[in-house]
Amino acid sequence: MILLMLGAQGTGKGTVAGILSQKTGWPQISTGDIFRKNISEKTELGIEANKYIAAGNLVPDEITVPMVKARLQEADAKEGAILDGFPRTIAQAEKLDEILAESNRKVDLVINLTTPRDEIITRILNRRVCSNQDCKATYNLTMHPSKVEGICDKCGAKLVQREDDSNRESIERRLAIYDEKTKPLVDYYSAKGIVTNQEVSERINRLGKDVAEDVYKMIV
Ligand code: AMP
């Protein structure tokens with residue numbers, strides 16, 4: 001089964017995808033995480049992608065699409081996969097349909113996370129991530145702090161702020177790109193009847209883990 005996470009930055013896509021991945025055994029395929037791993041390892045792909053990522057722009061499709069295609073062909077994604085951060089444009093969604101059709105697969109369920117914009121900005125500014133690229137645990141200074149300040153609960157590595165999370169300009173740029181290029185995907189997939197809209201908000205006391213539980217019940 002192919003699940004797909006939609007929603008603006010900071011809505012908790014990574015959290016929901018991570019929990020669903022643990023429960024199902026299907027890999028979480030996060031394009032942002034793959035890029036960040038390549039950046040930390042200073043690969044050619046990482047150096048190229050970082051030119052766009054640091055400024056809050058999308059990485060060109062010539063780099064992103066083949067990377068996702070190759071990842072979907074790996075053995076662990078045979079039974080299912082949870083895509084997190086891809087597609088981000090209608091053109092990428094069409095490419096994804098083509099890639100999946102080659103192995104008689106399709107997107108089965110789209111989980112669209114919604115969060116009020118003021119909450120999103122605070123969540124992104126307070127987000128801290130594990131610097132160990134094989135761990136990638138995510139924390140929030142107020143909502144979900146680590147037990148020891150600055151240290152990952154899971155692996156003991158240092159927690160850092162993502163470069164693109166550290167300034168308002170980059171955050172606002174990414175949210176504007178989301179509104180313009182990614183949000184239309186909600187309609188693209190709604191027309192196929194495969195979208196579940198899920199609100200994540202402190203105000204209604206509904207966090208990523210609650211959404212993951214509800215979605216898991218839908219797919220088993
Ligand atoms: P994320 O961790 O999903 O917020 O992604 C971090 C950054 O990686 C984004 O701001 C983009 O610069 C880049 N990126 C991630 N996924 C994609 C994608 N599907 N297409 C283009 N750029 C992407």
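**Digging into the state of the cysteines**
Where two cysteines share a covalent bond between their sulfur atoms, that bond is called a disulfide. Evaluation of the coordinates by the stated rule reveals 0 disulfides. No disulfide involves Cys-152; its sulfur sits 3.8 Å from the nearest other cysteine sulfur, which is in Cys-135. We classify Cys-152 as buried; its relative accessible area is 3%. Free cysteine Cys-155: the closest other cysteine sulfur is in Cys-130, separated by 3.5 Å. Its relative accessible area of 37% is what places Cys-155 among the partly exposed residues.

**Description of the sheet that holds strand β5 (residues 127-130)**
Pairing is antiparallel in the open sheet, where 3 strands are placed in the order β6-β5-β7. In this open sheet, the two edge strands, each paired with only one partner strand, are β6 (138-140) and β7 (159-160). Relative to β6, β5 runs antiparallel, the two being bridged by 3 bridges. Pairing of Arg-128 across the sheet is with Tyr-139, part of β6.

**Considering the side chain of Thr-182**
Relative to the helices and strands, Thr-182 resides in helix α7 (residues 168-182). At 2.7 Å, the side chain of Thr-182 and the backbone oxygen of Arg-88 are in polar contact. Sequence-distant contacts of Thr-182, that is, excluding residues within four places in its chain, are made with Leu-6, Pro-87, Arg-88 and Ile-177.

**Let's talk about empty space enclosed by the protein**
In the structure shown here, the tally under the stated rule is 1 cavity of 30 Å³ or more. Lining the largest cavity are Met-5, Leu-6, Gly-7, Ala-8, Gln-9, Lys-13, Gly-85, Phe-86, Pro-87, Arg-88, Tyr-178 and Thr-182. Counting residues per element, the ones that place at least two in the lining of the largest cavity are β1 (2-7) and α7. Element by element, the count of residues in the lining of the largest cavity is highest for β1, at 3 residues. Here the residues of the lining of the largest cavity are counted per class, giving 6 nonpolar, 4 polar and 2 charged.

Quick notes on the rules
- Residues numbered from 1 in each chain as written.
- Predicted model: local features only at pLDDT ≥ 70, side-chain atom pairs only at ≥ 80, totals over all residues.
- Heavy atoms only, no water.
- Disulfide = S-S within 2.5 Å.
- Buried < 20%, exposed > 50% of the residue type's maximum accessible area, 1.4 Å probe, protein only.
- Pairing = 2+ DSSP bridges.
- Helix = DSSP H or I, 4+ residues; strand = E, 2+ residues; numbered from the N terminus.
- Polar contact = N/O pair within 3.5 Å; in protein donor to acceptor, adjacent residues only side chain to side chain.
- Contact = heavy atoms within 4.5 Å.
- 1 Å grid on protein atoms, 1.4 Å probe; cavity = no way out; pocket = protein on both sides within 12 Å on 5 of 7 lines; lining within 4 Å.
- Points joined across faces, edges and corners; volume = space filled by probe spheres on them.
- Nonpolar A, V, L, I, M, F, W, Y, C, P; charged D, E, K, R; others polar.

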